[in-house]
Amino acid sequence: MTKPLVSICCVTYQHVNYIKDSLDGFLMQETNFPYEICLGEDESNDGTREICQEYAEKYPGKIKMFFRKRSNDPYIKQGFYGKYNFIKTLKECQGKYIALCDGDDYWTDPYKLQKQVDLLKESDGISMCYHKVIRPGTKLDEDTYLIKNDLSTAFIPTSSVVFRNKKEIVNKFINHSKGIISGDQFLFYLCSFIGEIKFMDFIGGVYNQTEHGISRTIGIQSKKWELNRILMYSSLLRISPFKNKVN
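Counting from 1, residues in each chain are numbered in the order their sequence is written. The model is predicted, so local features are restricted to residues of pLDDT at least 70 and side-chain atom pairs to those at 80 or more, both for listing and for counting; the totals for chains, interfaces and linings are taken over all residues. To get the side-chain values, take all heavy atoms of the structure and skip hydrogens and water.

(A) Region of the structure containing helix H1 (residues 19-27). Only protein chains enter the calculation, and the probe is 1.4 Å; a residue is then buried if its accessible area is under 20% of its type maximum, exposed if over 50%, and partly exposed in between. The helix and strand labels rest on DSSP assignments: H or I over at least four residues marks a helix, E over at least two residues marks a strand, and numbering proceeds from the N terminus. Every buried residue belonging to H1 is among Ile19, Ser22, Leu23, Gly25 and Phe26, and all of these are buried. Within H1, the buried residues cover an arc of 155° as seen down the axis, which keeps them to one side. What the arc covers is the set of directions going from the helix axis to the C-beta atoms.

(B) Inspection of the nonpolar core at higher detail. Each nonpolar core is a collection of buried residues, namely Ala, Val, Leu, Ile, Met, Phe, Trp, Tyr and Cys, held together in the definition by side-chain atoms within 4.5 Å. The biggest cluster of nonpolar side chains holds 30 residues, and the ones touching the most others in it are Val6, Ile8, Phe26 and Leu113. Setting aside residues no more than four positions away along its own chain, Val6 makes contact with Phe33, Pro34, Tyr35, Glu36, Gly95, Tyr97, Ala99, Leu113 and Val117. Ranked by size, the runner-up nonpolar core spans 29 residues in total, among them Ile156, Phe163, Phe173 and Ile180. Any two residues whose heavy atoms approach within 4.5 Å at even a single point are treated as in contact.

(C) Here's a closer look at the packing of H1 against helix H2 (residues 48-58). H2 packs onto H1 with a crossing angle of 25° between their chain directions and a minimal axis gap of 10 Å. In terms of axis orientation, H1 runs roughly parallel to H2. H2 is crossed by H1, and the crossing has right-handed handedness. Between H1 and H2, the contacting residues are Ile19, Lys20, Leu23, Asp24 and Leu27 on the first element and Thr48, Ile51, Cys52 and Tyr55 on the second. We call Asp, Glu, Lys and Arg charged. Ala, Val, Leu, Ile, Met, Phe, Trp, Tyr, Cys and Pro are nonpolar, and the rest, Gly among them, are polar. Across the contact of H1 with H2, the residue classes break down as six nonpolar, one polar and two charged. Axis geometry follows a simple rule: fit a line to the C-alpha atoms, using only the stretch in contact for helices, then measure angles between N-to-C directions, giving values from 0 to 180 degrees. Throughout this description, any angle smaller than 35 degrees is read as roughly parallel, any larger than 145 degrees as roughly antiparallel, any in the 65 to 115 degree range as roughly perpendicular, and the remainder as oblique. In a left-handed crossing the near helix is turned counterclockwise from the far helix by less than a right angle, and in a right-handed crossing that turn is clockwise.

(D) Up close: the pattern of salt bridges. Whenever Lys or Arg places a side-chain nitrogen within 4 Å of a carboxyl oxygen from Asp or Glu, that contact is recorded as a salt bridge. Within the structure shown, the criterion is met by six salt bridges. Asp109 is the partner of Lys115 in a salt bridge, and the nearest nitrogen-oxygen pair spans 2.6 Å. The partner of Glu196 in a salt bridge is Lys198, and the shortest N-O contact between them spans 3.5 Å. Take Glu196: its relative accessible area is 42%, and that puts it in the partly exposed class.

(E) Layout of the packing of aromatic side chains. Centre distance within 6.5 Å is the pairing criterion for rings of Phe, Tyr and Trp, where only the six-membered ring of Trp is used; planes under 30 degrees apart are then read as stacked, over 60 as edge-to-face, and the remainder as tilted. Under the defined criterion, the tally for this structure stands at five aromatic pairs. Look at Phe26 and Trp107: their rings are 4.9 Å apart centre to centre, the planes differ by 65°, and that puts the pair in the edge-to-face class. Placement of Phe26 in helix H1 and of Trp107 in strand E5 (residues 106-107) is noted, with a sequence separation of 81 residues between them. On the accessibility criterion, Trp107 (2% relative accessible area) is buried. With 6.2 Å between their ring centres and 40° between their planes, Phe173 and Phe186 make a pair best called tilted. Taken together, the residues span a long stretch of sequence, with Phe173 in helix H5 (residues 167-176) and Phe186 in helix H6 (residues 183-194) at a distance of 13 residues. With relative accessibility at 1%, the residue Phe173 sits in the buried group. Taken together through their ring pairs, the aromatic side chains of Phe86, Phe173 and Phe186 make up a single cluster.

(F) Spatial organisation of the pairing of strand E4 (residues 97-100). Judged by which residues are buried, E4 turns out to be covered on both faces: Tyr97 and Ala99 on one side and Ile98 and Leu100 on the other are all buried. Two elements, strand E1 (residues 6-12) and E4, share four bridges in a ladder whose sense is parallel. For Cys9, the partnering residue across the bridge sits in E4 and is Leu100. Here, strands pair whenever DSSP counts at least two bridges between them. As paired strands, E4 and strand E7 (residues 162-164) are joined by three bridges and run antiparallel to one another.

(G) Up close: the side chain of Ser127. By the element assignment, Ser127 lies in strand E6 (residues 126-134). On the basis of relative accessible area, Ser127 is assigned to the buried category, the value being 1%.

All quantities given are derived from atomic positions and should not be read as evidence of function.
Next up, the structure:
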C-alpha cells in the first residue's frame with residue numbers, strides 16, 4: 001500500500017446520528033495524493049461502532065479501524081473521556097500531514113484537504129492551517145461563522161485543522177497534556193511553536209455541539225474549565241521555545 005501523504009484522525013463516541021456524514025465527508029475528498037482514515041471508536045453502545053465497522057469493511061484500503069475498550073483507558077477515572085482514544089489514534093497516523101475531525105462533525109467541501117495541503121506545501125514555515133465552519137442548518141450566505149482569523153480566540157474548530165505530523169509536536173502533546181481537558185487547543189498552540197498558523201477563508205465543514213462533547217459535559221464557563229485553561233497555559237510556558245527569549 002502506498003504511504004499516505006495525509007492521515008485523517010477521527011475519534012468517535014456515541015455519534016450514531018452523525019458518524020455517517022463524517023465518514024462520507026472523508027471519502028468524498030478529491031485529491032492528487034493518497035490519504036488514510038484513522039478511525040478510533042471508543043466503545044459506543046448506540047450503534048456508532050457497528051456503522052464504523054461497516055464502513056471499515058467496505059473501504060479496507062482507506063480506513064484503518066481501531067476499536068477501543070474503555071476499561072483500558074487510564075484517563076477515565078480522572079474524568080478525561082476520549083483523551084486516550086485520541087492519543088492512541090493520533091499515534092497511528094502515518095501521513096506527513098494530519099487532518100482532524102471528530103465523529104460528530106463533518107466536511108462539506110470535497111477539495112478541503114487538497115486546498116490545505118497545497119498551502120502547507122508552499123512553505124515549510126507553515127505548521128498548521130484551518131478554515132471556516134458553520135453550525136448545522138446555517139445557510140452558506142449567512143455571515144455566522146464560528147471562528148475569527150487568529151489563534152488568540154482560543155477556539156479553532158478541530159474539524160478545520162490540518163497540521164504537520166512532526167515528532168516534536170506529537171511527542172510534546174503526549175508527554176505534556178496530562179490533566180488538560182481541551183487537548184486539541186493545546187495541540188494547536190504547540191503547532192504555533194514551530195511555525196505559522198494560517199487561516200484559510202473558505203467554508204469547509206459543519207461543527208456540531210453534541211451532548212457528549214467537552215463543552216457540553218463540562219461547560220466552558222465552569223470552574224473546572226477555567227482551571228483547565230490555567231493548567232494548559234502553565235504547561236505551555238514550561239515547554240515554550242520562547243521562554244528564555246522574552247525581555
